[in-house]
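Secondary and tertiary structure notes
What follows is each chain in one-letter form.
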Amino acid sequence: QEVNDDAGAALAPERWRTRDTTIFVEAKNQASLAGKPLRWHSIYCMDIAGDRVMRGRRYYDRRPLFANLNPELPALPASALRPGGDPLPVAGSAEAKRPAFATRLESCLGALSLTPLLSAGDEALRFIEWRIDAGGAGEAFSFGVAERVDLRAGNTLAYFDTLALALRLGASAAQDGR
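Keep in mind that what you see is a predicted model, and the values were worked out from it rather than measured. (Residues numbered from 1 in each chain as written. Predicted model: local features only at pLDDT ≥ 70, side-chain atom pairs only at ≥ 80, totals over all residues. Heavy atoms only, no water.)

Right, let's get into the sheet that holds strand β6 (residues 86–87). Read from one edge of the open sheet, 5 strands run β6-β10-β9-β8-β7, paired in antiparallel fashion. Of all the strands in the sheet, just β6 and β7 (112–121) have a single pairing partner and so form its edges. Contacting β6, β7, β8 (125–134), β9 (141–150) and β10 (155–159), helix α2 (residues 100–109) runs over the sheet at an angle of about 150 degrees to β7. (Pairing = 2+ DSSP bridges. Helix = DSSP H or I, 4+ residues; strand = E, 2+ residues; numbered from the N terminus. Contact = heavy atoms within 4.5 Å. Axes fitted to C-alpha atoms, helices over the stretch in contact; angles between N-to-C directions.)

Here you go:
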């Protein structure tokens, strides 16, 4: 069921899976910013106790939203992104051991360490919340990714904030004099 607020923002859950006290929801969102209508998809990951959300995280990319106000915002290289997702790798292959989004992000961020935090799913659909550690000594940072793995459709899609990463890369390049 769609959730609306008085300001016209709406969230429409499309798919969800639960595991123990954790729920993942993939949703279609809409709102307006500076009078411009916006639409985006996201994954919400919530840890529930009774009828309360004890910890909630949202995963979506802010860059396309804020680019409506400032098209000059920094962006990750196109080679690091796959907005439509990736096909599932062949089971047992080398590619199956590491999510495709990680390999692409390493092209601009350097070596990454991936830690799966939580997951929920079944034989048709899986969600995985990842902690990603990046950067070298003195520049280390972490960020989160929520991955939706659609086993029936044969694809996977990673949700994360490219704007935060692009801003970090831009600041590092400026410090290095690049």
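Still more to cover.
The next subject is the layout of surface pockets. Quantified by volume, the largest pocket comes out at close to 450 Å³. In this structure, the largest pocket is lined by 23 residues; those nearest its centre are Asp61, Pro83, Leu157, Ala158 and Phe160. Residue assignment for the lining of the largest pocket shows that the elements contributing at least two residues are β4 (36–49), α1 (63–66), α2 and β10. Ranked by residue count, the leading element in the lining of the largest pocket is β10, at 4 residues. Each residue belonging to the lining of the largest pocket can be placed in one class, and the counts come to 12 nonpolar, 4 polar and 7 charged. Along its surface, the second largest pocket is lined by 18 residues, and Leu88, Pro89, Ala96, Pro99 and Glu147 are the ones closest to its centre. Among the secondary structure elements, those contributing two or more residues to the lining of the second largest pocket are β8 and β9. (1 Å grid on protein atoms, 1.4 Å probe; cavity = no way out; pocket = protein on both sides within 12 Å on 5 of 7 lines; lining within 4 Å. Points joined across faces, edges and corners; volume = space filled by probe spheres on them. Nonpolar A, V, L, I, M, F, W, Y, C, P; charged D, E, K, R; others polar.)

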